[in-house]
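As a plain string of letters, each chain reads:
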Amino acid sequence: MRMPPRPSRAGRLRSVFPAVVSAALAVSALSAPAAAAQEPAPTACPTNLEHSATCYTGQSTDGAYYAIAVPEKWNGSLVVHAHGGPDLGEESDPERSIGDLERWSVMVEQGYAWAGSSYRRGGYGTRMAAADTESLRRLFVEQFHKPKRTYIHGQSWGGNVAAKTIEIYGSEKHGPYDGALLTNGVLGGGSRGYDYRVDLRVVYQYYCRNHPRPSEAQYPLWQGLRAGSTMTTTGLRARLEECTGFSSPPEERTALQQRNLDDILAVTNIPERTLESHLRFATFTFRDIVHTRLGGRNPFSNKGVVYSGSHDDTALNAGVERFSADPTALRDLSYDSDLTGKVSIPVLTLHAIDDPTAFVEHEAAYRAGLRGAKRDTHLVQTFTDEHEHSGLSTSEYATSISALDTWVRSGKKPTPASIAASCPTFDASYGTGCFYRPAFTPASYATRVNPRPGGVEWPALSAHQEKKWSRLPSVGIAP
């Protein structure tokens, strides 16, 4: 099937300008002010798509940059992509959606049109990102063609965004989304999904005493970082190295550095290879959540948590900083990002068992949430013997979108085993491997992350509570 009718202006531009001029046009489109909405403008596609698709960029009325690709042999369906992060820049990043298109070009290669938003701003805001994702879907329908079927794909924090999107916009019987693919998703939501980073923040400071140093301005650790701090990621890395020697060979670490490192890793269950990235999140993203999004209020708690695994648990529990969440801050973070499990469309997940960033136990939390909402019949979860967070095997992404499409079209629910069995067909083209573990089931979230009192029942946010909070003025996180 050929690509759909294009916007009249975009079609004229594509027929008049050669590729090099189209690329210049894209730069112009990406530098336009956010106040004016832009019709999709043709741009050069990623190298592997340049002869098989037509690509566009633009900016929404809310200021979100986006990228769209339509394959020449379009199968009639659309994949709307929700990216991870969150990125912490103040404005929408014009390069983000272009990079995501290149990264997820497998969807276009499989015949799907693809659309990805950079979101209207950086910083935390799950509902904002969901709104921008839905806005881009509507733009595609208005400017191109109504797809036969529309799927949403979210990776990492984008998994949270995509899951929230289908709860808000796709819960009706004939909603705009036909299915969802969530890969390595942060599916525990905001109020519980970052508790292991809260624990890291306080445990790190107990052992290291350098974030902040005694000579520096003091602040409660739930802030992540004080509002006016000029600390950089390089500076944070230097402090982490000073305390633990994490980037040095073991033989070059002091005995104290090695003990600090061993204790921090054992107590928090965080892999050594992602220790720095988790501490960055517990520093800079926490600062964004607390100071910028919640007006200085605290949504985090470690009251009642018993830390274990160190060389002296008694001393650790007696000396670690403790705090309780501000109920209004917890409410706003929960309303923004927690999931109710209220889904009525097929949802397929794919998760690396050894994901060092979004632990595989997030999947147990998501299943428990859907089960609590009596919607788990809409869920199929698959797991792979992989060890990365940011990207899985291309063959598996192709397998997953095909399995979801077949499920939606046929109404026949697949199994992890049937999905795994179909992967070699796609691997014959991509050669990146099939690593499915059909028999794997993740342990509960509480086995990996210290549960807070009352924090073991799922969903973390009921549909009733969400509806009740939605009637309050100014609840949640502002877009």
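Definitions and cut-offs
Residues numbered from 1 in each chain as written. Predicted model: local features only at pLDDT ≥ 70, side-chain atom pairs only at ≥ 80, totals over all residues. Heavy atoms only, no water. Pairing = 2+ DSSP bridges. Helix = DSSP H or I, 4+ residues; strand = E, 2+ residues; numbered from the N terminus. Axes fitted to C-alpha atoms, helices over the stretch in contact; angles between N-to-C directions. Contact = heavy atoms within 4.5 Å. Buried < 20%, exposed > 50% of the residue type's maximum accessible area, 1.4 Å probe, protein only. Core = buried A, V, L, I, M, F, W, Y, C linked by side-chain atoms within 4.5 Å. Polar contact = N/O pair within 3.5 Å; in protein donor to acceptor, adjacent residues only side chain to side chain. 1 Å grid on protein atoms, 1.4 Å probe; cavity = no way out; pocket = protein on both sides within 12 Å on 5 of 7 lines; lining within 4 Å. Points joined across faces, edges and corners; volume = space filled by probe spheres on them. Nonpolar A, V, L, I, M, F, W, Y, C, P; charged D, E, K, R; others polar.

(A) Structural context of the sheet that holds strand 8 (residues 347–352). In space, the nine strands of this open sheet follow the order 1-2-3-5-4-6-7-8-9, with mixed pairing throughout. The outermost strands of the open sheet, each flanked by one partner alone, are strand 1 (41–43) and strand 9 (379–384). Between one strand and the next, the sheet's axes are offset by a mean angle of 20°, whatever the strand orientation. Where helix 6 (residues 157–169) meets the sheet, it contacts strand 4 (77–82), strand 6 (149–155), strand 7 (179–183) and strand 8, and its direction lies at approximately 145° from that of strand 6. Contacts from helix 14 (residues 361–372) reach strand 7, strand 8 and strand 9 within the one sheet, and its direction differs from that of strand 9 by about 170°.

(B) Local environment of the pairing of strand 9. Most of strand 9 is tucked away: six of the six residues are buried. On strand 9, burial covers both faces: L379, Q381 and F383 on one face and V380, T382 and T384 on the other are all buried.

(C) Structural context of the pairing of strand 6. Most of strand 6 sits inside the fold, with six of its seven residues counted as buried. Pairing geometry for strand 4 and strand 6, over six bridges, is parallel. Among the inter-strand pairings, S77 is bridged to a residue of strand 6, identified as R149. Pairing geometry for strand 6 and strand 7, over five bridges, is parallel. In the strand pairing of strand 7, I152 is matched with A180.

(D) Just the nonpolar core, in detail. Counting 73 residues, the largest nonpolar core has F300 and Y366 as its most contacted members. For this core, the element with the most residues is helix 8 (residues 195–208), which contributes nine residues. Core analysis: the second largest hydrophobic core is formed by 32 residues, A352, W407, I419 and F426 among them.

(E) Expanded view of the side chain of N210. As for its placement among the helices and strands, N210 is situated in the loop between helix 8 and helix 9 (233–244). Looking at N210, its side chain comes within polar contact range of the side chain of Y204, at 2.8 Å. The contact partners of N210, leaving out residues within four places of it in the chain, are Y204, Q205, R239, E242 and C243.

(F) Geometry of the layout of surface pockets. Considered as a void within the structure, the largest pocket measures approximately 570 Å³ in volume. As for the largest pocket, its lining consists of 32 residues, of which G85, S156, F281, T357 and H389 are closest to the centre. Sorting the residues of the lining of the largest pocket by element identifies helix 3 (96–103), helix 8 and helix 11 (275–293) as the ones contributing at least two each. A per-element tally of the lining of the largest pocket places helix 11 first, with six residues. Residues of the lining of the largest pocket, tallied by class, amount to eleven nonpolar, 14 polar and seven charged. Taken as a whole, the second largest pocket encloses approximately 470 Å³ of empty space. Lining the second largest pocket are 29 residues, and of these S191, R192, L330, R452 and G455 lie nearest its centre.

Treat this as a map of the structure, not an account of what it does.
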